[in-house]
Amino acid sequence: MELPIGGFIMEKNFDGYEEIDKSYNNWENNKVEKIKLRFPERKEKFTTSSDIEVKGLYTPLDAKDLNYVEDLGFPGEYPFTRGVQPTMYRGRLWTMRQYAGFATAEESNQRYKYLLEQGQTGLSVAFDLPTQIGYDSDHGLAEGEVGKVGVAIDSLRDMEILFDGIPLDKVSTSMTINAPAGILLAMYIAVAEKQGVSSDRLRGTIQNDILKEYIARGTYIFPPEASMRLITNIFEYCSKEVPQWNTISISGYHIREAGATAVQEVAFTLADGIAYVEAAIKAGLNVDDFAPRLSFFFNAHNDLFEEIAKFRAARRLWAKIMKNRFKAKNEKSMQLKFHTQTAGSTLTAQQPDNNIIRVTIQTLAAVLGGTQSLHTNSRDEALALPTEDSVRIALRTQQIVGYESGVTETVDPLAGSYYIESLTDKIEEEAYELIKKIDELGGAPKAIEKGYIQKEIQSSAYKYQMEIESMEKIVVGVNKFRIEEDAKSDILRVDADVEKIQKEKLKALKLNRNNEDVKTALNILEKKAQTDENLMPYILNAVKKYATLGEICNILRKVFGEYEQTVIL
Amino acid sequence: MVRPIRVLVAKPGLDGHDRGAKIIARALRDSGMEVIYTGLRQTPEQIVAAAVQEDVDVVAMSILSGAHNHLFPKVVNLLKAEGVDDVLIIGGGVIPKEDIPFLMESGVEAVFTPGTPTKDVVDYIYNNLKR
């Protein structure tokens, strides 16, 4: 009789397993124990980042409870374990979408054109910290920060320059903006309108995920309740006016970067997702009206197989949550579509060219895990924003994996691997337990308030650091295989003049615009912010009158107040 | 009884990356120092006020946003203006090697860049206190 592969048959009492079990024990007690006497294993215990034990060998026994149709199914069908789309990369490769932006809109516009010329297939905007936190470039707190980690956008004028010569009906754009996401989205809509592109044709994403800002990223402005209101306003507005837009990118990337394990990354991200769905339903929206436009953003870290299993587990878990917990009826509501970024925190300042190899492995993880879109970090990640040469290599990494490696020719190629299926199950199981824990605390917002999520992440981060310092974990070039190095001289530097230039632009803007119109628009916004009305039309109105980002945020700060971080150490 | 070394770990400016600062804070605490962590979004004025109020021996600042050349010297100068000249000032974060001489000239005694073991920071403080 033919031995089946793992549990992919319906009858659970297949007695072939007994034979495998016997042979396995025989092999382990004889061959393995014998060899270990001569060659001890390198570690006492082998584990993944989530402390899941990794065995020496996986066999059909490790997948014997798996039911193919129920647990794996087919790509494009519930529970989407194998992918959200039936043909995946056979139809179209993932979107190659490099996060970019620095200094002024003019300079960033040039970088976007360069990247598009070099073959990237989607735009991704990085804004500077003042923009992300709702301050104009002339604000006191913007000193020293203007244009440093992204492009400075103070008004619609800057946004027009940013997308000059870029047809918004032809490209999709992701904007990494959270607290002021509605304002930047409004600017994007206004720019498109000037190009003659109606909002229903716009494709793209705004990150718009405030919960992870409180947890791990720090660019919050307003308190939680007001922030959720703005977010659900955007869900509602886009469902009618910008139906092809992904209204949120529920993020695990930053949570992972802050030190979380793979299991924690899945659990905390999906818990945040649950909170957003609950908030939207509470605001009166029907789940199938907004859920198809929710998207996710994950990290692609070092442990190749754990990462692949992580993506599959996340898809299956979210599908179950949407179907069983939120009673979604539309299949699209159950699909976890995601963007991935390779793990910045794993890249080193030492021997930076090594980072190209790290990013390649992480790219494989994301692709074998079925990502919809990908950003690959550049080799100078630990030093500065990427130079043109560095970012080109990062893009080429995606292109080589996509066009030359063959991994894209079939969907979910690692399915059926005893190890991968076992890991997928384990990650789903452990993430689910953690989500239950967060439910017990009252949901993600409450868990954040109590500091639970932050403390969990910090513990993992400290453990990871101690493992590096004890040499339990090797980082090539940092705690092993080191060399004497000169500083890498060709890194990107943002001119200090950028701040001056932006301040001049602001002065000119305020002279040239109709200040009465701006005042009126801001007054209306202030009034409406105090009601339950959807604020998007009023934000759009203010934006079109060239009210600045800071002016609009100041109104909202006035009405909503500011978030006060509780220091959790 | 020798009082423990008191350290202020601070995040100047708008940068929200606190993984490193928190790990340093914990490592210093585990080595026997008393650590006050300011949390995010501290202005130079707030950092100096805290340093004076808490009577710290060390001010350790972390910046990953590229604003270090502007914000580190500002803190140093404000401390000087307060008449504080015996506090060890150190920094860390994403700081290009070429910027370090300027920062040291500005009064930052040491800069710890990515890959630094926490032990190095602990040892440095023990060996370089000004009081």
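Being a predicted model, the structure only gives us computed values, none of them experimental.

Visitor: Just give me the short version of the overall build of chain A, but keep the residues and values in it.
Guide: In terms of regular secondary structure, chain A is built from 21 helices and 10 strands. Here chain A has a C-alpha radius of gyration of 25 Å; the compact-globule value for 569 residues is 25 Å, and the two agree. Each principal axis of the C-alpha atoms in chain A carries an extent, and together these give about 85 × 60 × 45 Å. Residues counted as buried form 50% of the 569 residues belonging to chain A. Long-range contacts, defined here as pairs at least 24 residues apart, represent 78% of the contacts in chain A between residues at least 6 apart.

Visitor: Go over the overall build of chain B, please, and point to the residues and values.
Guide: Tallying secondary structure elements over chain B gives 5 helices and 5 strands in all. Reading chain B from its N terminus to its C terminus gives the helix and strand order β-α-β-α-β-α-β-α-β-α. For 131 residues, the compact-globule formula gives about 14 Å, and the C-alpha radius of gyration of chain B, at 13 Å, lands near that figure. Across its three principal axes, chain B shows a C-alpha extent of roughly 40 × 35 × 25 Å. Residue pairs at least 24 apart in sequence account for 71% of intrachain contacts in chain B once pairs closer than 6 positions are excluded.

Visitor: Talk me through the interface of chain B and chain A; I want residue IDs and the actual numbers.
Guide: Facing the 28 residues of chain B at the interface are 32 residues of chain A. Elements represented by at least two residues in the side of chain B that touches chain A include exactly helix H1 (19-30), helix H3 (68-81) and helix H5 (118-128) of chain B. Here the residues of the side of chain B that touches chain A sort into 11 nonpolar, 9 polar and 8 charged.

Visitor: Describe in detail the domain arrangement of chain A, supporting the description with residues and values.
Guide: Where the parts come together, the accessible area they lose is often given as the size of the interface. What the domain assignment reports for chain A is domain 1 (16-68) and domain 2 (73-469). The centre of domain 1 of chain A, based on its C-alpha atoms, is set 36 Å off from the matching centre of domain 2 of chain A.

Visitor: Explain unusual backbone geometry residue by residue, including any values.
Guide: Residue and element names in this part refer to chain A. Each neighbour pair has its own omega, and for Tyr78 with Pro79 the value is 0 degrees, a cis peptide bond. Examined against the element boundaries, Pro79 turns out to sit in the loop between helix H2 (68-72) and strand S1 (95-96). Backbone geometry places Asn208, a non-glycine residue, at a positive phi of 50 degrees. Looking at where Asn208 falls in the secondary structure, it is placed in the loop between strand S5 (204-206) and helix H7 (210-217). What makes Asn208 buried here is the crowd of 27 C-beta atoms within 10 Å. Of note, Met471 is a non-glycine position whose phi angle comes to about 70 degrees, a positive value.

Visitor: Mind laying out the nonpolar core, listing which residues take part and the relevant values?
Guide: Judged by nonpolar contacts, the single largest core of 192 residues is most densely connected at Leu270 and Ile539 of chain A together with Val58 and Val59 of chain B. In terms of residue count, the dominant contributor to this core is helix H10 (residues 262-282) of chain A (13 residues). In this structure Ile539 of chain A touches Gly182, Ile183, Ala186, Leu525 and Ile552 of chain A, once residues within four positions along its chain are discounted.

Visitor: Report on the sheet that holds strand S3 (residues 123-126) of chain A, specifying residues and quantitative values.
Guide: Residues and elements named next belong to chain A. One open sheet accounts for 5 strands, arranged S2-S3-S4-S5-S6; its pairing is parallel. One side of each edge strand has no neighbouring strand; the edge strands of this open sheet are strand S2 (99-100) and strand S6 (245-246). Pairing of S2 with S3, which is carried by 2 bridges, proceeds in the parallel orientation. Bridge pairing links Tyr99 to Ser124 in S3.

Visitor: Explain the environment of Pro180 of chain A to me, using residue names and the numbers behind them.
Guide: Residue and element names in this part refer to chain A. Counting through the fold element by element, Pro180 comes out in the loop between strand S4 (173-176) and helix H6 (181-195). Each C-alpha atom of the pair Pro180 and Gly550 lies 9.7 Å from the other, and the pair is 370 residues apart in sequence. Beyond its immediate sequence surroundings of up to four residues, Pro180 is in contact with Gly134, Ile221, Leu549 and Cys553.

What counts and how
Residues numbered from 1 in each chain as written. Chains lettered and ligands numbered in written order. Predicted model: local features only at pLDDT ≥ 70, side-chain atom pairs only at ≥ 80, totals over all residues. Helix = DSSP H or I, 4+ residues; strand = E, 2+ residues; numbered from the N terminus. Rg over C-alpha atoms; globule rule 2.2 N^0.38 Å. Buried ≥ 20, exposed ≤ 12 C-beta atoms within 10 Å, placed from the backbone. Contact = placed C-beta atoms within 7 Å. Nonpolar A, V, L, I, M, F, W, Y, C, P; charged D, E, K, R; others polar. Domains from an automatic or database assignment. Core = buried A, V, L, I, M, F, W, Y, C linked by C-beta atoms within 7 Å. Pairing = 2+ DSSP bridges.

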